[in-house]
Amino acid sequence: MIRARLAGLLAATLTLALPAARAQDAVLNLYSARHYQTDEALYANFTKATGIRIQRIEADDAGILARLKTEGAASPADVVLLVDAARLDMAEREGLFLPFKSATLQQRVPAQYHAAAGPQGSAWWGFSTRARVIVYNKLSVPREQVLRYEDLADPRHKGKVCTRSGSHPYNLSLFGSLYERLGAQGMEKWLAGVVANMARAPKGGDTDQIRAVASGECQIALSNSYYLARMMLSKKPEDQAAVEQIGFVLPNQRDQGAHVNIAGGAIARHSKNREAAQRFLEYLASDAAQRYFAEGNNEWPVVAGLRTENPALKSMGEFKAETIPLSRVAGNIAAVQQMLDRVGYK
C-alpha cells in the first residue's frame, strides 16, 4: 500500500516538475551500485513523466569505477550511482565525474552531503543517508556500555564483538571518520582493541551481524541503519524474533555524533546525454523521490525538514550526526587500510 501510494505521488510530482523529454533524450544509461528492488518505482515514474527510458547496469562501487576507467571516453554511462561517500570522492579525484552547476541541488542538498564546488560546479551529490549504528544483545550487554564507537575496543567486551570485513566500504568510511577523531596512533590502538574483542573472524554482511547478536554468537556488532530498519519492518517470524533480542544505539550523541554515510550520484565524465543526466539527478532531490528513499528503502532523505512516515526510522528518533567533511574521511582510508593489515583485521 505504501509503495503504491508513493508511486502515485512520484508520478504526480514529476508530471508537474519536469518538462517533456526531447527525442534525443530518450535513453539514459545508468551505472548503479544500488541493488534495491524498491528503486524500480523511482526509475519507472521518471520515465513515465519524462519519456526518458533508463538502461541500467548494476555492480558494486568498485566494479563500477573499474568499468568506467576501462571504458574511458568510449563509456556509454550517463549517470553513476554509488553507495559510499569515500568511493564518490575517489572517483572525483580520478576524474571520472563531470562537475556541473545546479541551483536546485545546491538549494536542496546540504553542503556536507555533496562535493565541494569548483569553477564548473560540484562533481557528486548525496541523496540519502544511513547511519552506522551499534547493535547489542539486550540480555548480556548493558546499553550504557556501548554508547560510543570507542566502546567496541573496551577490554571488558573481549569475545563479544562481531563485524563484517574491515575492508568493506561501510566499515572503511566509519574508520576514516574515527581516524579524524582519534589521530593515527589512537586509531590503530582502537582497531587492535576491536580485533582483540572479536567473538569470531569477520564475515557476512550487516544483516548477518544482527542475527549473530540475536542468536548469542556475539553480543555487539556494527550495522548500517537501513539493514536494521528492514528487519524491524519484516513480517518474517525469524526477523521479528531477532529484533526482540537486540537493542541499538546511535553512537556518540554526547560528543561528535553518529557516523553517517550517503548514497549519491554524479554525471559520468563522458556522458553523451548530459542534460537528461542532470534532470535525473535533480529529480532524485525532489520531495517525492526523497520520501521514496525513506519509505521504500529505509534511508533518511538529505533534504532538510522532509517528513517521513516510515515507522522504523521514526522509532530511531532524532539524532546528532557527525559533521566531518566526507572528503577528509575519504582521505584517511588509505592509511586505515594499512592499519587493518598491521592489526590483522580481515
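None of these values were measured; they are calculated from a predicted model. (Residues numbered from 1 in each chain as written. Predicted model: local features only at pLDDT ≥ 70, side-chain atom pairs only at ≥ 80, totals over all residues. Heavy atoms only, no water.)

1. A short note on the pattern of salt bridges
Then, number 1: By the definition in use, this model includes 20 salt bridges.
Then, number 2: The salt bridge involving Arg-200 is made with Glu-217; its shortest N-O contact spans 3.2 Å. Taken together, the residues Arg-200 in the loop between α6 (169–196) and α7 (206–215) and Glu-217 in the loop between α7 and β6 (220–224) connect sequence positions 17 residues apart.
Then, number 3: Overall, the relative accessible area of 14% leaves Arg-200 in the buried class.
Then, number 4: Through salt bridges with shared partners, a single ionic network connects Arg-34, Asp-39, Arg-130 and Glu-299. (Salt bridge = Lys/Arg side-chain N within 4 Å of Asp/Glu carboxyl O. Helix = DSSP H or I, 4+ residues; strand = E, 2+ residues; numbered from the N terminus. Buried < 20%, exposed > 50% of the residue type's maximum accessible area, 1.4 Å probe, protein only.)

2. Some remarks on the nonpolar core
Then, number 1: Of all hydrophobic cores here, the largest spans 78 residues; its most connected members are Phe-97, Trp-124, Phe-280 and Leu-281.
Then, number 2: Discounting residues that sit within four places of it in the chain, Phe-97 has contacts with Val-80, Leu-82, Leu-88, Ala-91, Glu-92, Ala-123, Trp-124, Ala-266, Ile-267 and Arg-269.
Then, number 3: Ala-86, Val-141, Ala-258 and Val-343 belong to the second largest nonpolar core, which has 30 residues in total. (Core = buried A, V, L, I, M, F, W, Y, C linked by side-chain atoms within 4.5 Å. Contact = heavy atoms within 4.5 Å.)

3. Brief notes about the packing of helix α2 (residues 40–50) against helix α10 (residues 274–284)
Then, number 1: Look at α2 against α10: their axes get within 11 Å of each other, and the N-to-C directions meet at 125°. The pairing of α2 with α10 is recorded here as oblique in orientation. Every pair of crossing elements has a handedness; the one defined by α2 and α10 is right-handed. Of α10, the residues touching α2 (which contributes Ala-41, Leu-42, Tyr-43, Phe-46 and Thr-50) are Arg-279, Phe-280 and Tyr-283.
Then, number 2: Tallied by class, residues from the contact of α2 with α10 come to six nonpolar, one polar and one charged. (Axes fitted to C-alpha atoms, helices over the stretch in contact; angles between N-to-C directions. Parallel < 35°, antiparallel > 145°, perpendicular 65-115°, else oblique. Left-handed = near helix turned anticlockwise from the far one by under 90°. Nonpolar A, V, L, I, M, F, W, Y, C, P; charged D, E, K, R; others polar.)

4. Considering the packing of α7 against helix α8 (residues 225–233)
Then, number 1: At a minimum axis distance of 9 Å, the contact between α7 and α8 shows a crossing angle of 60°. The angle between the axes of α7 and α8 places the two elements in the oblique class. Relative to α8, the crossing made by α7 is right-handed. Here α7 contributes Asp-206, Thr-207, Ile-210 and Arg-211 to the contact with α8, which in turn contributes Tyr-227, Leu-228 and Met-231.
Then, number 2: In the contact of α7 with α8, the residues fall into four nonpolar, one polar and two charged.

5. Notes on the packing of aromatic side chains
Then, number 1: For the coordinates displayed, the defined rule picks out eleven aromatic pairs.
Then, number 2: Taking 5.6 Å as the distance between ring centres and 55° as the angle between the ring planes, the aromatic pair formed by Phe-175 and Tyr-345 counts as tilted. Linking Phe-175 in helix α6 with Tyr-345 in the segment after α14 (333–343), this pair joins segments that are 170 residues apart in sequence.
Then, number 3: On the basis of relative accessibility, which here comes to 0%, the residue Phe-175 falls in the buried class.
Then, number 4: By relative accessible area, Tyr-345 is classed as buried at 3%.
Then, number 5: Within the aromatic cluster, the residues linked to one another by ring pairs are Tyr-36, Tyr-170, Tyr-226 and Tyr-227. (Phe/Tyr/Trp six-rings, centres within 6.5 Å; stacked < 30°, edge-to-face > 60°.)

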